[in-house]
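What follows is each chain in one-letter form.
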Amino acid sequence: MDKQNLFETVITKFGFDAQKAMAIEECAELINALCKEKRGRATDEDVITEIADVQIMCEQLAIIYGKEKVRQERLRKLLRLHERIQSL
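Every chain is numbered on its own, with residues counted from 1 as its sequence reads. With pLDDT at 70 or above as the cut-off, local features in this predicted model cover only qualifying residues; side-chain atom pairs require 80 or more to be listed or tallied, and sums for whole chains, interfaces and linings still use all residues. With hydrogens and water stripped out, all remaining heavy atoms of the structure feed into the side-chain values.

A description of helix H3 (residues 44-65) should follow, citing residues and the corresponding values.
A run of DSSP states H or I qualifies as a helix once it reaches four residues; a run of E qualifies as a strand once it reaches two. Both are numbered from the N-terminal end. In this analysis, the expected span of each helix is defined as 1.5 Å times one less than the number of residues it contains. With 22 residues, H3 should reach 32 Å at 1.5 Å per residue; the first-to-last C-alpha distance of 31 Å fits that figure. Those residues of H3 that are buried are in contact with helix H1 (3-14), helix H2 (16-38) and helix H4 (67-86). Every residue pair with non-hydrogen atoms within 4.5 Å of one another is taken to be in contact.

Encoded structure:
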């Protein structure tokens with residue numbers, strides 16, 4: 001399965017706005033699962049499922065907003081994190 005092609009097809013079929021709305025929904029579901037887990041009302045599997053959904057949506061958002069720009073920003077933030085850890 002070619003993820004890039006799949007995601008581009010989904011974005012084309014449903015549109016930017018629908019996929020952005022779906023990303024918001026999936027992020028909210030992950031937040032909810034983490035909150036429930038904290039209270040003992042959700043399992044690791046529940047959280048894992050929501051993480052996977054958010055990752056799928058984030059990959060689609062990266063296509064929408066520009067994969068290379070997202071990649072560069074991610075690298076910048078990882079470098080900043082590395083520098084913070086080194087200074088501890």
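Having seen the structure, we can now continue with the description.
Provide a residue-level description of the layout of surface pockets, including the pertinent values.
Cavities and pockets are found on a 1 Å grid laid over the protein atoms alone: a cavity is a set of points where a 1.4 Å probe fits but cannot escape, a pocket is an open set with protein on both sides within 12 Å along at least five of seven lines, and a lining residue has an atom within 4 Å of such a point. Grid points are joined across faces, edges and corners, and a volume is the space filled by probe spheres set on the points. A volume near 270 Å³ is recorded for the largest pocket. In this structure, the largest pocket is lined by Lys3, Gln4, Phe7, Cys58, Glu59, Ala62, Ile63, Lys67, Val70, Arg71 and Arg74. Secondary structure elements with two or more residues in the lining of the largest pocket: H1, H3 and H4. Asp, Glu, Lys and Arg are counted as charged, while Ala, Val, Leu, Ile, Met, Phe, Trp, Tyr, Cys and Pro are counted as nonpolar; the rest, among them Gly, fall into the polar class. Looking at the lining of the largest pocket residue by residue, the class counts come to five nonpolar, one polar and five charged.

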